[in-house]
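Structure at a glance
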Amino acid sequence: MGVTALVLLLIARFWLLFDSVVMLSVEFDAEILLLGVAIGLGITGASAIAYEVWPSYRNSANTYLKLVLEPLNWADLIWMGLLPGLSEELLFRGVMLPAIGLNMYGVVFSSLCFGVLHLSGLQQWSYVVWATMIGLVLAVSAVWSGNLLVPILAHTTTNLIASLFWKAKYTTP
């Protein structure tokens, strides 16, 4: 997990060497905090519904989360929230989205790339579809707010809550 986060951060830095990108602002205030956490809670709720009503997504999510979360202890789940939330958002919404354009094309392309990042096998196609949809939400939140902290907070909130619930449900004491 840490290596993946580092690789994504290096890709973002490498990209910036060859392309001048005007990045979104990163300004913290209470409204941004509430917006990011609210979007993260909305994504988490939508994911819980999809998990219950979409068997293919449930199977894909369990396969992916087992691969990622099973080796982690409870304290590691904090990193599971923070590292992907920061590194993936810095790459996809911080560098890729502004480089392509803060428009429909940038939103769609960066979201598709985000979805493909979550491909752990061809049988897990529904998880890629879901991650692409979440990428759309995160990209739109970045463009709409003009603040990279919104998708970072949303992504971190979603990962942290989902990790905690999955670990609690599937880990035997």
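Here is a short report on the structure shown in this document. All residue numbers refer to positions counted from 1 along the written sequence of the respective chain. Thresholds applied to this predicted model are a pLDDT of at least 70 for local features of residues and 80 or more for the giving and counting of side-chain atom pairs; totals over whole chains, interfaces and linings are not thresholded and use all residues. Side-chain measures here rest on the full set of heavy atoms in the structure, leaving out hydrogens and waters.

Secondary structure follows DSSP: runs of H or I at least 4 residues long count as helices, runs of E at least 2 residues long count as strands, and numbering of each begins at the N terminus. Within the chain one finds seven helices and zero strands. Mapped from its N terminus to its C terminus, the chain presents α and β elements in the order α-α-α-α-α-α-α. Each principal axis of the C-alpha atoms in the chain carries an extent, and together these give about 50 × 35 × 30 Å. Categorising residues by exposure relies on relative accessible area from a 1.4 Å probe, with only protein chains included: less than 20% of the type maximum marks a residue as buried, more than 50% marks it as exposed, and the intermediate range marks it as partly exposed. Of all 173 residues assigned to the chain, the portion counted as buried reaches 44%. Long-range pairs, those at least 24 residues apart, make up 79% of the contacts in the chain between residues at least 6 apart in sequence. Entry remark: accessible area of the chain is about 9200 Å², with carbon and sulfur atoms responsible for 73%. Taking the 6 positively charged and 9 negatively charged side chains of the chain as two groups, their mean positions are separated by 13 Å. The contact rule is simple, with two residues in contact once any of their heavy atoms fall within 4.5 Å. In these tables, accessible area is a Shrake-Rupley quantity obtained with a 1.4 Å probe, and a residue counts as shielded only by the protein chains included in the view. His is not counted here, nor are the chain ends, while Lys and Arg score as positive and Asp and Glu score as negative. For this purpose, a charge sits on NZ of Lys, CZ of Arg, CG of Asp or CD of Glu.

Here we take up the packing of aromatic side chains. Each pair of aromatic rings taken from Phe, Tyr and Trp, with Trp reduced to its six-membered ring, is defined by centres within 6.5 Å and is described as stacked if the planes are under 30 degrees apart, edge-to-face if over 60, and tilted in the remaining cases. Taken as a whole and assessed by the stated rule, the structure comprises seven aromatic pairs. Consider the rings of Tyr57 and Trp130, whose centres lie 5.2 Å apart with planes at 50°: the pair is tilted. Here Tyr57, found in helix α3 (residues 55-69), pairs with Trp130, found in helix α6 (residues 125-145); they are 73 residues apart in sequence, far enough to count as distant. The side chain of Arg93 reaches across the aromatic face of Phe114, ending 4.5 Å from its centre. Lysine NZ or arginine CZ positioned within 6 Å of the ring centre and within 35 degrees of the ring normal marks a charge as sitting over the ring.

One side-chain nitrogen of Lys or Arg within 4 Å of one carboxyl oxygen of Asp or Glu is enough to make a salt bridge. Tallying each qualifying case throughout the model produces one salt bridge. Note that Glu89 and Arg93 form a salt bridge whose closest N and O atoms lie 2.7 Å from each other. You can see Glu89 and its partner Arg93 sitting in helix α4 (residues 76-100), four residues apart, about one turn around the helix. By the burial criterion, Glu89 is buried, and Arg93 matches it.

Turning our attention to the packing of helix α2 (residues 30-53) against helix α7 (residues 149-170). The interhelical angle for the contact between α2 and α7, taken along N-to-C directions, is 40°, at an axis separation of 7 Å. The angle between α2 and α7 falls in the class oblique. The element α2 and its partner α7 pack so that their crossing is right-handed. Side by side, α2 and α7 meet where Ile32, Leu33, Leu35, Gly36, Val37, Ile39, Gly40, Leu41, Ile43, Thr44 and Tyr51 of the first sit next to Leu149, Val150, Leu153, Ala154, Thr157, Thr158, Ile161, Lys169 and Tyr170 of the second. Think of it as three bins: nonpolar holds Ala, Val, Leu, Ile, Met, Phe, Trp, Tyr, Cys and Pro, charged holds Asp, Glu, Lys and Arg, and polar takes everything else, Gly as well. Here the contact of α2 with α7 is composed, by residue class, of 14 nonpolar, five polar and one charged. Angles here are taken between N-to-C directions and fall from 0 to 180 degrees, while the axes themselves are lines fitted to C-alpha atoms, restricted in helices to the stretch in contact. Roughly parallel covers angles under 35 degrees, roughly antiparallel covers those over 145, roughly perpendicular covers 65 to 115, and oblique covers all other angles. Helix crossings get a hand from a simple test, with the near helix turned counterclockwise from the far one by less than a right angle marking a left-handed crossing and a clockwise turn marking a right-handed one.

Turning next to the layout of surface pockets. Over the atoms a probe the size of a water molecule is rolled, and this reveals where empty space is left. Here a cavity denotes a set of grid points, spaced 1 Å apart and computed over the protein atoms alone, in which a 1.4 Å probe fits but from which it cannot get out, and a pocket denotes an open set meeting protein on both sides within 12 Å along at least five of seven lines; residues with an atom within 4 Å of a point are reported as lining. Grid points are joined across faces, edges and corners, and a volume is the space filled by probe spheres set on the points. Space inside the largest pocket adds up to approximately 850 Å³. Around the largest pocket sit 38 residues that line it, and Leu65, Tyr127, Thr158, Asn159 and Ala162 are the ones nearest its centre. Taken together, the elements giving at least two residues each to the lining of the largest pocket come down to α1 (2-18), α2, α3, α4, α5 (104-117), α6 and α7. Considering each element in turn, the lining of the largest pocket owes the most residues, eleven residues, to α7.

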